[in-house]
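# Geometric and topological summary
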Amino acid sequence: IKRPTKLLFSADSANPYEVEPIRNVIANLTCNPGIIYDLFINNPKANVGNKFNTRDEVMQEIGKILGPGCDISVELNNPFSDSINELLEEAARFKEMLSKYRVVIKVPHTGPVNADNVKELLEGDKKFQRPYDAGSTKDKFRGHNLALLLHEYGYRINFTLMFEPYQTAL
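Thresholds, definitions, all that
- Residues numbered from 1 in each chain as written.
- Predicted model: local features only at pLDDT ≥ 70, side-chain atom pairs only at ≥ 80, totals over all residues.
- Heavy atoms only, no water.
- Core = buried A, V, L, I, M, F, W, Y, C linked by side-chain atoms within 4.5 Å.
- Buried < 20%, exposed > 50% of the residue type's maximum accessible area, 1.4 Å probe, protein only.
- Helix = DSSP H or I, 4+ residues; strand = E, 2+ residues; numbered from the N terminus.
- Contact = heavy atoms within 4.5 Å.
- Pairing = 2+ DSSP bridges.
- Axes fitted to C-alpha atoms, helices over the stretch in contact; angles between N-to-C directions.

### With respect to the nonpolar core
L29, M59, L66, V74, I105 and L150 are the most contacted members of the largest nonpolar core, which has 35 residues in total. Going through the elements one at a time, β2 (26-31), α2 (33-41), α3 (55-66), β3 (71-75), α4 (84-98), β4 (103-108) and α6 (142-152) are the ones with two or more residues in this core. Considering each element in turn, this core owes the most residues, six residues, to α4. If sequence neighbours within four positions are ignored, L29 has contacts with A11, D12, S13, V19, I62, L66, C70, D71, I72 and S73.

As structure tokens, this is what we get:
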């Protein structure tokens, strides 16, 4: 579907009421679980009338609003899961919901972050205690290995959480 402008805009939102007025000018929408739950579903001012209760309901509505011409980047609920089947099942659910032509899976560039210490980014002062170059090789390449796995299964990837220049170079 041709867009009304030669410029391609991206947006980062999970609020269908915000997405609807910009649907004709964006080429990519990025959503992640934190935005969906914290800024939309659990926010009564945003989730007018408490119409949406689940992540899938929000994503389906956004998919309907945007139509087939816009990529939608979604993040897996637990990118640190050791269950390959769990990761692939969730990605497949998004592919079925949004279509293989527009779903893009967001993969975190994990660096020294792992399942045991990711809480530091989500709780308290939300500051990570390890330096960017600390951590195991396994931790540092977790995101890259996940991206490779998903790519091997035909998914397009959007890397996220690149805090340091060396991460971008990788």
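On we go.
### Overview of the environment of G67
Within the secondary structure, G67 is located in the loop between α3 and β3. Along the primary structure G67 and N24 are separated by 43 residues, whereas in three dimensions their C-alpha atoms are 9.5 Å apart.

### Quick notes on the sheet that holds strand β1 (residues 9-12)
Spatially, five strands are ordered β1-β2-β3-β4-β5 in an open sheet, and the strand pairing comes out parallel. Each of the sheet's edge strands pairs with one partner strand only, and the pair in question is β1 and β5 (156-160). Taking the axes of each pair of neighbouring strands and ignoring which way they run, one obtains an average angle of 25° across the sheet. Helix-sheet contacts for α4 involve β3 and β4, and the interaxial angle to β3 is about 155°.

### Here we look at the pairing of β2
Within β2, six of the six residues are buried, leaving the element largely enclosed by the surrounding structure. By the bridge criterion, four bridges tie β2 to β3 in an arrangement that is parallel. Residue pairing across strands places L29 opposite I72, the latter belonging to β3.

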